[in-house]
Protein chains: 2
Amino acid sequence: MINKLYHEDWQETVKRINPHSVDLIIADPPYGMEFRSNHRYERYDPIHNDNNLDWLGEWVWECQRIMKNNTHLYCFCSFHNIDIFKKELSEWLVVKNILIWEKNNTSMGDLEGDYAPKYEMIIFCVKGKRKLNGRRDSNIIYSQRTQNKLHPTQKPTKLIRYLVGKSTEEGDIVYDPFMGSGTTAIACIREKRNWIGSEINIQYVNTANDRINVELNQLTLF
Amino acid sequence: MINKLYHEDWQETVKRINPHSVDLIIADPPYGMEFRSNHRYERYDPIHNDNNLDWLGEWVWECQRIMKNNTHLYCFCSFHNIDIFKKELSEWLVVKNILIWEKNNTSMGDLEGDYAPKYEMIIFCVKGKRKLNGRRDSNIIYSQRTQNKLHPTQKPTKLIRYLVGKSTEEGDIVYDPFMGSGTTAIACIREKRNWIGSEINIQYVNTANDRINVELNQLTLF
DNA sequence: ACTACGGTTGAATCCTGAA
DNA sequence: GTTCAGGATTCAACCGTAG
């Protein structure tokens, strides 16, 4: 199954992944933001949302199932849903920290009544215990946004390489359930880790495979 | 009631504050963490921290009761309990953002298996709608820690002045339900705002009043 | 005025050993 | 077995002092 991107929902892929077989999970899930109101007076009926977060509980369970003992999981998250994600992840994993990915510039949003968003959260979880590689870094990680993105929420390759490097060894297996344009695969190739990915959108599957092939071809030149 | 620090629980103080009478609330509540004061040197009074957040729901309700329409609330928080605080605040206020107070250096904690804590969260809430003063700042706020602290979790005066300046006008009333060593009062005096505070620890009440008196005496020199 | 250097700090967590 | 008190621990950033 290794070093392949599967054009299917994560639910299909994890069915074929054995328990205790993955060394790291990096996930950039759909945040489900637009359809959720924090307010007590719900304007939207959650049941009728295409983009609800009902899958979260099952997803966390499957993640901890396929993770080896003493491994990490990173889950990107917006502050809008940090409470829900943290709660669900805590059911089956230990939430050790919430990392702050500080970007080089701010995003859009409420221009007059709000502070400008400049970061994403990354929930850092552990199954069992595991040391981080290298020196003791802080929980604020500065990383420039990706230029010329192929996916709206594409993460910087450097950032993913950093996380992979902190939490795995060469040859380990990294699973990304929402692979998008394939950044996790690229990061793993450069860090000499194995990877598995799921992605339901065929356009992004194609984009990711193109990027991966370019990356592999560059490797064989040496 | 104005420009006074009350030696009592916030529950006692808010009983005497009229509805719709406060322009801003700044709160640095006990986080309710499993906090054992086992620091290198026992330097401060232990914080009243019984790992019990049952008061949160009532507290939020009272806060929104005394807040004028179209005003803000800031609540300091650790990532450990961000889910609980965000959920409770969302019951009666709109959580607009989670600000990150980035400190100049990291804290202690798990030295090998975790990233080093370098920030506190500040939950930014609004009752109704209100514009922020000044330019559009980002939701990551860098501010140096206070030197020679009088309280173990004392916040930088500059940081509180900044928040007061963003969310109130001169002469407005700011309430701090957990005033500690009085930083909010100092910030309000310097920004020409009125203030009300509650603090249950008599030592910190005395410390705060000393600071406040020094501050007021300095003002009368001019 | 500038640099070098020593001293101090941190909303914490793990581990050990005693009760 | 189980709880709990207390000691040890990193290292970047800051301050004050000396040169």
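In what follows, the accompanying structure is described. Quantities reported herein were computed from a predicted structural model and do not represent experimental measurements. (Residues numbered from 1 in each chain as written. Chains lettered and ligands numbered in written order. Predicted model: local features only at pLDDT ≥ 70, side-chain atom pairs only at ≥ 80, totals over all residues. Heavy atoms only, no water.)

1. Some words on the overall build of chain A
Consideration 1: When helices and strands are counted, chain A shows 6 helices and 8 strands.
Consideration 2: Ordered by position in the sequence, the α and β elements of chain A form the string β-α-β-α-β-α-β-β-β-α-β-α-β-α.
Consideration 3: The C-alpha radius of gyration computed for chain A amounts to 17 Å, which stays within 12% of the reference 17 Å derived for 222 residues, consistent with globular compactness.
Consideration 4: With the principal axes as the frame, chain A shows a C-alpha extent of 55 × 40 × 35 Å.
Consideration 5: Each of the 222 residues in chain A was classed as buried or not, and the buried ones make up 53%. (Helix = DSSP H or I, 4+ residues; strand = E, 2+ residues; numbered from the N terminus. Rg over C-alpha atoms; globule rule 2.2 N^0.38 Å. Buried < 20%, exposed > 50% of the residue type's maximum accessible area, 1.4 Å probe, protein only.)

2. Let's talk about the pattern of salt bridges
Consideration 1: With the rule as written, the count across this model stands at 30 salt bridges over all chains.
Consideration 2: As a salt-bridge pair, D83 of chain A and K86 of chain B come within 3.2 Å of each other at their nearest N and O atoms. Here D83 of chain A, found in helix 3 (residues 82–92), pairs with K86 of chain B, found in helix 3 (residues 82–92), and the two come from separate chains. Neither residue differs from the other here; D83 of chain A and K86 of chain B are each classed as buried.
Consideration 3: Residue K118 of chain A pairs with E102 of chain A through a salt bridge whose shortest N-O separation is 3.1 Å. In this pair, K118 of chain A is assigned in the loop between strand 4 (94–102) and strand 5 (119–127) and E102 of chain A in strand 4, connecting sequence segments 16 residues apart.
Consideration 4: Residue classification places E102 of chain A among the buried residues on the basis of a relative accessible area of 11%. (Salt bridge = Lys/Arg side-chain N within 4 Å of Asp/Glu carboxyl O.)

3. Considerations on the sheet that holds strand 6 (residues 140–142) of chain A
All names here are of chain A.
Consideration 1: Pairing is mixed in the open sheet, where 8 strands are placed in the order 1-8-7-2-3-5-4-6. With partners counted over all chains shown, the strands left at the sheet margins are strand 1 (4–6) and strand 6, one partner each. For this sheet the average axis-to-axis angle between neighbouring strands, irrespective of direction, equals 20 degrees.
Consideration 2: Relative to strand 8 (residues 194–198), strand 7 (residues 173–176) runs parallel, the two being bridged by 4 bridges. Across the sheet, the residue bridging to V174 is W195, located in strand 8.
Consideration 3: The sheet strands contacting helix 2 (residues 56–66) are strand 2 (22–27), strand 3 (67–77), strand 5 and strand 7, and the helix crosses strand 3 at an angle near 145 degrees. (Pairing = 2+ DSSP bridges. Axes fitted to C-alpha atoms, helices over the stretch in contact; angles between N-to-C directions. Contact = heavy atoms within 4.5 Å.)

4. Considerations on the nonpolar core
Consideration 1: In terms of nonpolar packing, the biggest core is built from 70 residues, with W59 and L89 of chain A together with W59 and L89 of chain B touching the most fellow members.
Consideration 2: Once you skip the residues sitting within four places of it in the chain, W59 of chain B turns out to touch W10, A27, C75, L89, P177 and F178 of chain B. (Core = buried A, V, L, I, M, F, W, Y, C linked by side-chain atoms within 4.5 Å.)

5. Description of the interface of chain A and chain B
Consideration 1: In this assembly, 43 residues from chain A lie in contact with 44 residues from chain B.
Consideration 2: Contact between chain A and chain B buries roughly 4,000 Å² in total, counting both sides, with carbon and sulfur atoms accounting for 53%.
Consideration 3: Remark: the boundary between chain A and chain B carries 6 salt bridges.
Consideration 4: Broken down by secondary-structure element, the contributors of at least two residues to the side of chain A that touches chain B are helix 3, strand 4, strand 5 and helix 4 (157–167) of chain A. (Buried area = accessible area lost by both parts, 1.4 Å probe.)

6. Observations regarding the packing of aromatic side chains
Consideration 1: This structure, assessed with the given rule, holds 16 aromatic pairs over all chains.
Consideration 2: Here F79 of chain B and Y119 of chain B contribute two aromatic rings whose centre-to-centre distance is 6.3 Å and whose plane-to-plane angle is 45 degrees, an arrangement assigned as tilted. Here F79 of chain B is found in the loop between strand 3 (67–77) and helix 3, whereas its partner Y119 of chain B is found in strand 5 (residues 119–127), with 40 residues between them in sequence. When sorted by exposure, F79 of chain B lands in the same class as Y119 of chain B, which is buried.
Consideration 3: Every member of this aromatic cluster is reached through a ring pair, and the members are W10, W55, W59 and F178 of chain A.
Consideration 4: It is R16 of chain A that lies over the ring of Y6 of chain A; its NZ or CZ is 5.0 Å from the centre. (Phe/Tyr/Trp six-rings, centres within 6.5 Å; stacked < 30°, edge-to-face > 60°. Lys NZ or Arg CZ within 6 Å of the ring centre and 35° of its normal.)

7. Some details on the relation of the copies chain A and chain B
Consideration 1: Superposition of chain A onto chain B requires a rotation of 179 degrees combined with a translation of 0.0 Å along the rotation axis, giving an RMSD of 0.1 Å. Taken together, these values place the two copies in the relation of a two-fold axis. Considering only C-alpha atoms, the part of chain A nearest the rotation axis is D83 of chain A, at 2.0 Å.
Consideration 2: Of all interface residues in chain A, 91% are interface residues in chain B too; the two copies therefore contact each other through one and the same surface. (Least-squares fit on C-alpha atoms with pLDDT ≥ 70 in both.)

8. A short note on helix 5 (residues 183–190) of chain B
The periodicity of an α-helix, 3.6 residues per turn, causes residues three or four positions apart to be oriented the same way.
All names here are of chain B.
Consideration 1: Most of helix 5 is tucked away: 7 of the 8 residues are buried.
Consideration 2: Of the surrounding elements, those touching the buried residues of helix 5 are strand 2 (22–27), helix 4 (157–167), strand 7 (173–176), strand 8 (194–198) and helix 6 (202–220).
Consideration 3: Backbone geometry just after helix 5 places K192 at a positive phi near 60 degrees.

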